[in-house]
Structures are given as structure tokens and as C-alpha cells.
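Residues per chain, in single letters:
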Amino acid sequence: MRRAILFLVILVSGLIFAQIGQLQPIKPSIPFTPLLTTMIKESQLIGPYGSAWKIYWDGWEGTLVLFKGGKGYIEVSGTRYDLEYVILKNPQDNINGMTGPGYTGKNTNLGHRIVFMVDFARTPTNKSDDQRFDGYVFTQTIEVYGSKKAMAGITWWDGIPFGFYATYWSDVPG
């Protein structure tokens, strides 16, 4: 009986996960229909004066604050690092020599891309050493909730890519 169960488990596992020697996840048959058909507005991301987010990247945790006008900061363990950002961009837009992560050649006008450059080295006159975070705001939550909820993307340190995500925390008071 145990051998039969073991054989069945191995057989089912093999059928589900193994495909040409690679592990493949089971893909749910959920149809994707984008709810968002127009460009995201700045007020949906930043609010009247700015917005605060909890941000996580490669084991680090901090607070991301974006003020109106393209400036902000990340605070980590009580230390603030200035940043500059651009929002309402598309995957195909070239920002400082790079298109968006995952850009496959299909252009969009969703405007859900965000890029921010953090001055962890504290060298405000040297932009070349700033750490780039390049990602996308979740479009489904914008349409459903009418405001920001989360973003995700990649960042690089020493030329190596790492993931990041941030969740909306609050608007900055005026």
C-alpha cells in the first residue's frame, strides 16, 4: 500500500512539476483583462503634497517618501537618503539610458512606471553613484480603490539586480 501511494505521489509530482527537466509552476486559468485603459494621474500616486510607502529590497526595509515635484527620500534605521524620481512613465520610455524592466517591445500608455534614484553615498553633485529603483505601480488597485496600493520592480547594486516592493502607507500632510 505504501509503495502504491509513494508511486502515485512521484507520478503526480512528475506530471505536475517536471517538464523537460525543469520545474514548471501550475498556471491558473485566470483570464487577465486590464481594468485600466487610461493613463494614471499624478494625484493617484503622490497625493496633494506627497505619499509615504513602506519599501523592502533585498533584506533592507525603510520608508519611501515621495514629495510633489520629483524629490523625496528613503529613511532606513533613522537615516534619510535623498532621492529624485520620475513617474507616469511607460515601459518603453528611455530614462537615463534604460527602458523599463521586462519591456518586451509592446508599447503602452498606462503611465504606471516609476524610477527613483537614491543617493545612498550622500554625494549630491555626483548622480552617477545613485542607486536606481525601476518599477511599476499596480494598476488593478488604482482602478479598484482609486488610489495607490503597491509597486514592485528591481534595483541594482554594484551592477547586480535585486527585487524591491513598496506598499502605500499614507499621504504626506500639507
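All of these numbers come straight from a predicted model, not from anything done at the bench.

**Student:** I'm lost on the pattern of salt bridges in this one. Help?
**Tutor:** If you walk through the whole model with that rule in mind, you get five salt bridges. Lys-71 is paired through a salt bridge with Glu-84; the nearest N and O atoms lie 3.0 Å apart. Taken together, the positions of Lys-71 in strand E5 (residues 71-76) and Glu-84 in strand E6 (residues 79-89) put the pair 13 residues apart, joining distant regions of the chain. You can call Glu-84 partly exposed: its relative accessible area is 33%.

**Student:** I would appreciate a short explanation of the layout of surface pockets in the present structure.
**Tutor:** Over the atoms rolls a probe the size of a water molecule, and its path tells where empty space is left. Within this model, the largest pocket holds a volume of roughly 300 Å³. The wall of the largest pocket is formed by 17 residues, among which Leu-83, Glu-84, Met-117, Lys-127 and Asp-130 lie closest to the centre. Elements with a contribution of two residues or more to the lining of the largest pocket: E6 and strand E7 (113-118). Top contributing element to the lining of the largest pocket by residue count: E6, with seven residues. In the lining of the largest pocket, the residues fall into eight nonpolar, one polar and eight charged. Of the volumes computed, that of the second largest pocket is approximately 230 Å³. Lining the second largest pocket we find Trp-57, Asp-58, Trp-60, Val-76, Ser-77, Tyr-81, Phe-120, Gln-131, Trp-157 and Phe-162. Tallied by class, residues from the lining of the second largest pocket come to seven nonpolar, two polar and one charged.

**Student:** Any chance you could explain the side chain of Thr-155 here in plain terms?
**Tutor:** Checked against the element boundaries, Thr-155 lands in strand E9 (residues 150-157). A polar contact is formed between the side chain of Thr-155 and the backbone oxygen of Arg-132, at a distance of 2.7 Å. In this structure, Thr-155 is in contact with Trp-57, Gln-131, Arg-132, Phe-133, Ile-160, Pro-161, Phe-162 and Phe-164, ignoring residues within four places of it in sequence.

**Student:** What's the story with the sheet that holds E9 in this structure? I'm lost.
**Tutor:** Strand pairing in a sheet takes place through backbone hydrogen bonds and is either antiparallel or parallel in direction. On the basis of which strands lie adjacent, the closed barrel formed by eight strands has the order E3-E4-E5-E6-E7-E8-E9-E10 and antiparallel pairing. With direction set aside, neighbouring strand axes in the sheet form an average angle of 30°. Of the strand pairs in this sheet, strand E3 (residues 50-57) and strand E4 (residues 60-67) are connected by eight bridges, and their pairing is antiparallel. Within E4, the residue paired with Gly-50 across the bridge is Phe-67.

About the criteria used
Residues numbered from 1 in each chain as written. Predicted model: local features only at pLDDT ≥ 70, side-chain atom pairs only at ≥ 80, totals over all residues. Heavy atoms only, no water. Salt bridge = Lys/Arg side-chain N within 4 Å of Asp/Glu carboxyl O. Helix = DSSP H or I, 4+ residues; strand = E, 2+ residues; numbered from the N terminus. Buried < 20%, exposed > 50% of the residue type's maximum accessible area, 1.4 Å probe, protein only. 1 Å grid on protein atoms, 1.4 Å probe; cavity = no way out; pocket = protein on both sides within 12 Å on 5 of 7 lines; lining within 4 Å. Points joined across faces, edges and corners; volume = space filled by probe spheres on them. Nonpolar A, V, L, I, M, F, W, Y, C, P; charged D, E, K, R; others polar. Polar contact = N/O pair within 3.5 Å; in protein donor to acceptor, adjacent residues only side chain to side chain. Contact = heavy atoms within 4.5 Å. Pairing = 2+ DSSP bridges. Axes fitted to C-alpha atoms, helices over the stretch in contact; angles between N-to-C directions.

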